[in-house]
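The lines below spell out each chain.
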Amino acid sequence: TIGLVVGDVLNPYEAMLARECDKALRDAGYFAMLAVSGTAATLRAFIDQRIAGLVLIGAPGEREEIAAVSKLLPTVYIGRNLATETVESVSSDDALGARLATEFLLGLGHRAIAHVTGGTGAGANSRANAYRDTMQRQGLKPIIAEGRYDVDAGSAATDALMARKDRPTAIFAANDLIALGVISRLAGHGFRVPDEVAVVGFDDIPMAASEPISLTTIRQKVPDMVAAAVETLTTR
């Protein structure tokens, strides 16, 4: 039995990872025991059940907690690079993805590009730093709105951004849920997307491709990440 911990089961990207993980573990001959809370009590309960290993998706949030549990049994974290904590982890190149998103908007002629961050979410710092560096290399001023990985954060950040005197003509959201909040709030303010304000997300959740939204986004390769994570864990 492998413990599968999902920090935010309402986040479609984390749900995609969990579903793919469950299938990959079953194919490898393991049973996945799911938890939708990454608290210390949950992790301790898993350990008390004598599970063989742990797959962590978006939880726990604190690197120290992740490092501590990884010392107790084989653990792999999907979605955040934890090499400095010597924890087995599999992640996309968040910096590259953010740079591609920003350069895409620059290539369309935008210069006032804002970024709504993912707060303390996995990969958020790398995405924000890469956006900032890309803007500064072009001699442009970064416009940062602090957020988190959910729709409401996108809505709140959009209110703040569009109230600025130098309001942006493009917004790079740290994930697709933020982008959905941004698009919805822009419509509420009377701005047309992408005619008046362009929006780019990150993750490529299923609803991003729906006809009404048709969101430009950076795709994370979920099957490849999960395959690498399960291989790492089963090898351990």
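Each remark here, short or long, concerns the structure printed above.
Just so we're clear, the structure is a prediction, and the values are computed from it rather than from any experiment.

Here we take up helix α4 (residues 94–107). In an α-helix, one turn spans 3.6 residues; hence positions three or four apart end up facing the same way. Taking 1.5 Å of rise per residue, the 14 residues of α4 would be expected to cover 20 Å, and the 20 Å separating its terminal C-alpha atoms lies within 8% of that figure. Turning to α4, its buried residues are D94, G97, A98, A101, T102, L105 and L106. Taken together, the buried residues of α4 touch β6 (113–116), α5 (124–137), β8 (170–173), β9 (198–203) and β10 (216–219). Residue G109 follows α4 closely and has a positive phi angle near 100°.

Read from one edge of the open sheet, five strands run β7-β6-β8-β9-β10, paired in parallel fashion. Strands with a single pairing partner mark the edges of an open sheet, and in this sheet they are β7 (143–145) and β10. In this sheet, adjacent strand axes meet at a mean angle of 20° when their direction is disregarded. Here β6 pairs with β8 via four bridges, running parallel. Note that in β8 the partner of A114 across the bridge is I171. Against the sheet, helix α6 (residues 151–162) touches β6, β7 and β8, its axis set at about 145° to β6.

This part takes up the packing of helix α1 (residues 12–27) against helix α8 (residues 222–235). Two packed helices can be described by the angle between their axes and the distance between those axes. Between α1 and α8, the least distance of the axes is 9 Å, while the angle of their chain directions is 50°. Relative to α8, α1 is oriented oblique. Relative to α8, α1 is oriented so that their crossing is right-handed. On the side of α1, the interface is formed by Y13, M16, L17, E20, C21, A24 and L25, while α8 contributes V222, P223, M225, V226 and V230. The residue inventory of the contact of α1 with α8, partitioned by class, reads eleven nonpolar, no polar and one charged.

A general feature of soluble globular proteins is that nonpolar side chains tend to end up buried together. Counting 61 residues, the largest nonpolar core has V55, I78, V116, L161 and F172 as its most contacted members. Ranked by the residues each element gives to this core, the list is headed by helix α7 (residues 176–188), at seven residues. When neighbours within four sequence positions are excluded, I78 is seen to be in contact with L17, C21, V55, L56, I57, G58, V90, M225, V226 and A229. In this structure, A35, A59, I66 and L82 belong to the second largest nonpolar core, which totals 15 residues.

With that out of the way, let us pick up the packing of aromatic side chains. Across all of its chains, the model carries zero aromatic pairs by this definition. Lying across the ring of F202, R127 places its NZ or CZ 3.8 Å from the centre.

A cluster of nonpolar side chains, V9, L10, L34 and V36, forms an exposed patch at the surface whose accessible area comes to about 400 Å². Residue position: L34 is located in strand β2 (residues 32–35). Owing to a relative accessible area of 51%, L34 belongs among the exposed residues under this scheme.

Further remarks concern the pairing of strand β3 (residues 53–57). The buried count for β3 comes to five of five residues, which makes it a mostly enclosed element. Both faces of β3 are covered, namely the face carrying G53, V55 and I57 and the face carrying L54 and L56. When strand β1 (residues 2–6) meets β3, the two strands line up parallel, connected through five bridges. Looking across to β3, one finds that V5 is bridged to L56. Sheet topology note: the β3/strand β4 (residues 75–78) ladder contains four bridges and is parallel. Note that in β4 the partner of V55 across the bridge is V76. Between β3 and its parallel partner β4, the chain crosses via helix α3 (residues 63–70), and the hand of that crossover is right-handed.

Cut-off values and rules
Residues numbered from 1 in each chain as written. Predicted model: local features only at pLDDT ≥ 70, side-chain atom pairs only at ≥ 80, totals over all residues. Heavy atoms only, no water. Helix = DSSP H or I, 4+ residues; strand = E, 2+ residues; numbered from the N terminus. Expected span 1.5 Å × (residues − 1). Buried < 20%, exposed > 50% of the residue type's maximum accessible area, 1.4 Å probe, protein only. Contact = heavy atoms within 4.5 Å. Pairing = 2+ DSSP bridges. Axes fitted to C-alpha atoms, helices over the stretch in contact; angles between N-to-C directions. Parallel < 35°, antiparallel > 145°, perpendicular 65-115°, else oblique. Left-handed = near helix turned anticlockwise from the far one by under 90°. Nonpolar A, V, L, I, M, F, W, Y, C, P; charged D, E, K, R; others polar. Core = buried A, V, L, I, M, F, W, Y, C linked by side-chain atoms within 4.5 Å. Phe/Tyr/Trp six-rings, centres within 6.5 Å; stacked < 30°, edge-to-face > 60°. Lys NZ or Arg CZ within 6 Å of the ring centre and 35° of its normal. Patch = residues over 30% accessible without salt bridge, like charges linked within 9 Å, V, L, I, M, F, W, Y side chains within 5 Å. Areas by Shrake-Rupley, 256 points an atom, 1.4 Å probe, with all protein chains shown as cover. Salt bridge = Lys/Arg side-chain N within 4 Å of Asp/Glu carboxyl O. Right-handed = clockwise from strand over helix to strand, strands pointing away.

Function cannot be inferred from these measures alone, as they are strictly geometric.
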